[in-house]
Structures are given as structure tokens and as C-alpha cells.
Amino acid sequence: KILDNKVALVTGAGSGIGLAIAKLYAKEGAKVIVSDINEEHGKSAVEDIKSTGGEATFVKADTSNPEQVEALIKATVDAYGRLDIACNNAGIGGEQATTGDYSIDSWKKVLNVNLDGVFYGCKYQLSQMEKNGGGVIVNIASIHGTVAAPLSSAYTTSKHAVVGLTKNIGVEYGQKNIRCNAVGPAYIETPLLERASGDMKEALIAKHPMGRLGKSEEVAELVLFLSSEKSSFMTGGYYLVDGGYTAV
Ligand code: NAD
């Protein structure tokens, strides 16, 4: 198994893409810290992983709270002794409005979770990885790390910023045996999209040259590759998994 003996942390692992990543990490032999703000979903993810022979522990944390993120990294080390892989996945969509009408509350909330939360994660993960002698970080951005999402300025801004943060870390830690990459999924069938109406879903599907939305498992395969030694010469990059969305 490609992640044997590795300790991996996934935020927002109670649902959707994060859940698929946590399950795949565990299937590939990693000991997984499943973290989420939602305790019920996080615990059920751990049961799911254990029922298939994997190893996982739930740690509750709100990624937009720096003290909780610092405690999460400490809890990871207390549980499994080190941190080799971290996937900063927790994120929210926010309100839908043109930029002139976008509420300041929603702007702050989206940036707080999608950007500040990823920075807090990286900050404490990097310190721990330096102590370990190395590690890998994968940040979940979006296609909206490179193209617009009309009516979601805060989301687009947060995801572009995550790509920038990822590049900086790649450059700063290139010679410290720590790699950091970002992933850009197009629209994926997860609970985040369940609120979309039928018409809206059809319109979204039409934007993907492959004629369908993606699956969480398809994102998880790219994340696994970037988290493993198979991507040993890749850092500071941004990789799409988008059914052709951004090629149009
Ligand atoms: P989801 O809503 O299914 O899951 C997100 C999880 O994150 C939930 O379990 C939620 O409880 C948790 N979470 C939310 N805020 C949190 C916080 N402050 N602290 C800790 N946990 C928190 O969403 P998803 O579709 O799986 O999205 C996961 C990531 O993928 C997000 O960063 C999202 O922006 C990104 N993404 C999603 C899509 C998509 O189409 N679904 C596309 C591109 C990128």
C-alpha cells in the first residue's frame, strides 16, 4: 500500500470530497485523523473506515479558529506520533449575489473558512512537519482558483488565494522535504451541491465537456497521487480535476 506507516490528517472529512479522501488514505494504509466541525459526521466517517479494516480517529475542530487548528495538530501527534500528510479540504460556498450586493458578513465568513482556515492549517502543519523531517500538504482549491464563479466573489477570491498560498509554501519549503500542492476540482456531486435546483444542476453539467459532474472519489485519486511518493518532484503546483471545464 502506498501510504503504509503514514499519518494523514483531513479537514472537513465528515462529508463529500474530504470523506472520500479520508477513506482512500485509510485504504492505502495511512492512519487517518478525520477532522470536522460536525461531530456526528466525523464519527460516522471513522466507523466507516474502521469497518473496512482501516485506522482512524476523529478530532473535532473548526478550521477557522486558529487555537482549534493548533490543538488539532497536537491531537494528531498525541494520537499517532507524527504528521506526514495533511489535506486542507474544509470549505463552504457562501451566499450567491453579484459583487455589489454581496454581504460583508458572507464575504468574511467565506474568506475566514476557505482562506484563513487553510492558512492556519498549513502554518501548524508545516511546523510539525519540520520537526518530523518532512511531509506533504494538499490544499483543496477549486476550478474557481483560476476561473470566475459568477455570484460567488468571496468563493472565487478565497480559492485563487489558496493557489497563491500553495505556491509560496512550495517555494519556501522546497529544500525542507515538504511539498505542497493545490487541487482544482470542477463541480462534484457532494452535499455542497445538493441544494442546487434541477435546472441549475443541468446548467452546471452543461459547462463540463465530459457531460457530467465529477465524483468525490475522482478527486480523491488525484489527492492520493499528490500525497504519495509518486509525485516526489511536484510542489507549488495547482492541478485540475475538472472534466474539461477550464479548457473551454
Ligand atoms: P461538503 O459540504 O460536502 O463537506 C464539507 C465538510 O467540511 C463538511 O463535513 C463540513 O462540516 C466541514 N466544514 C465546513 N466548515 C468547516 C469548518 N469551519 N471547520 C471544519 N470543518 C468544516 O463539501 P465538499 O463539496 O465535499 O467540499 C469540500 C471542499 O472541496 C471545499 O473546500 C470545497 O470548496 C471544495 N470544492 C468542492 C466542489 C464541489 O463541487 N463540491 C468543487 C470544487 C471544490
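Rules used throughout
Residues numbered from 1 in each chain as written. Predicted model: local features only at pLDDT ≥ 70, side-chain atom pairs only at ≥ 80, totals over all residues. pLDDT = per-residue confidence, 0-100. Helix = DSSP H or I, 4+ residues; strand = E, 2+ residues; numbered from the N terminus. Expected span 1.5 Å × (residues − 1). Buried ≥ 20, exposed ≤ 12 C-beta atoms within 10 Å, placed from the backbone. Arc of directions from axis to C-beta. Contact = placed C-beta atoms within 7 Å. Right-handed = clockwise from strand over helix to strand, strands pointing away. Pairing = 2+ DSSP bridges. Axes fitted to C-alpha atoms, helices over the stretch in contact; angles between N-to-C directions. Parallel < 35°, antiparallel > 145°, perpendicular 65-115°, else oblique. Left-handed = near helix turned anticlockwise from the far one by under 90°. Nonpolar A, V, L, I, M, F, W, Y, C, P; charged D, E, K, R; others polar. Near = placed C-beta within 6 Å.

(A) Layout of the confidence of the model for the protein chain. On average, residues of the protein chain carry a pLDDT of 97, and 100% of them reach 70 or more. Interface confidence for the predicted complex, expressed as ipTM, amounts to 0.99; the pTM equals 0.98.

(B) Representation of helix α3 (residues 66–80). In this model, α3 (15 residues) spans 21 Å end to end at C-alpha, consistent with the 21 Å of a helix rising 1.5 Å per residue. If you check which residues of α3 are buried, you get Val69, Leu72, Ile73 and Thr76. Along α3, the residues classed as buried sweep out an arc of 95 degrees about the axis, all on the same side. Set apart from the buried face of α3 by more than 90 degrees, the exposed residues are Glu67 and Asp78. Looking at the packing, one finds that the buried side of α3 touches β1 (7–11), β2 (31–36), β3 (55–60) and α4 (104–132). Once α3 ends, the next one or two residues include glycine 81, with phi positive near 90 degrees.

(C) How the structure looks around the pairing of strand β4 (residues 85–88). Here β4 shows a buried face lined by Ile85 and Cys87 and a second buried face lined by Ala86 and Asn88. In this fold, β4 hands off to α4, which returns the chain to strand β5 (residues 135–140); that crossover is right-handed.

(D) Local environment of the sheet that holds β3. Read from one edge to the other, the open sheet built from seven strands follows the order β3-β2-β1-β4-β5-β6-β7, with strand pairing classed as parallel. The outermost strands of the open sheet, each flanked by one partner alone, are β3 and β7 (238–241). Across the sheet, the mean angle from the axis of one strand to that of its neighbour is 20 degrees, orientation sign disregarded. Packed onto the sheet, helix α2 (residues 39–51) meets β2 and β3 and runs at close to 175 degrees relative to β3. Running over the sheet, helix α8 (residues 216–227) touches β4, β5, β6 (178–185) and β7 and is turned about 165 degrees from β6.

(E) Molecular detail of the packing of helix α1 (residues 16–27) against α2. Where α1 contacts α2, the two axes come as close as 10 Å, and the packing angle between them is 30 degrees. Classified by the angle their axes make, α1 and α2 are roughly parallel. The hand of the α1/α2 crossing is right-handed. Every residue of α2 that contacts α1 at Leu19, Ala22, Lys23 and Ala26 is listed here: Ala45, Asp48 and Ile49. Partitioning the contact of α1 with α2 into residue classes produces five nonpolar, no polar and two charged.

(F) Structural detail: the site of the ligand. As a matter of local geometry, the ligand sits amid 29 residues, with Gly12, Gly16, Gly91, Thr190 and Leu192 nearest to it. Counting only elements with at least two residues in the shell around the ligand, the list comes to α1, α4 and α6 (191–194). Class assignment for the residues of the shell around the ligand results in twelve nonpolar, 15 polar and two charged.

(G) Broad picture of the packing of α4 against helix α5 (residues 153–172). Following both chains from N to C, one finds α4 and α5 inclined at 15 degrees, their axes separated by 9 Å at the closest point. In terms of axis orientation, α4 runs roughly parallel to α5. Crossing of α4 against α5: the hand is right-handed. For the pair α4 and α5, contact is made by Ser106, Trp107, Val110, Leu111, Asn114, Leu115, Val118, Phe119, Cys122 and Leu126 and by Ala154, Tyr155, Thr157, Ser158, Lys159, Ala161, Val162, Leu165 and Ile169, respectively. Of the residues in the contact of α4 with α5, the class split is 14 nonpolar, four polar and one charged.

(H) Highlighting the pairing of β6. Burial runs high along β6: eight of the eight residues are buried. Going residue by residue along β6, you find Ile178, Cys180, Ala182 and Gly184 tucked away on one face and Arg179, Asn181, Val183 and Pro185 tucked away on the opposite face as well. The pairing of β5 with β6 spans six bridges and is classified as parallel. Paired with valine 138 across the two strands is asparagine 181, which belongs to β6. Direction of pairing for β6 relative to β7: parallel, over a ladder of four bridges. Paired with alanine 182 across the two strands is tyrosine 238, which belongs to β7.

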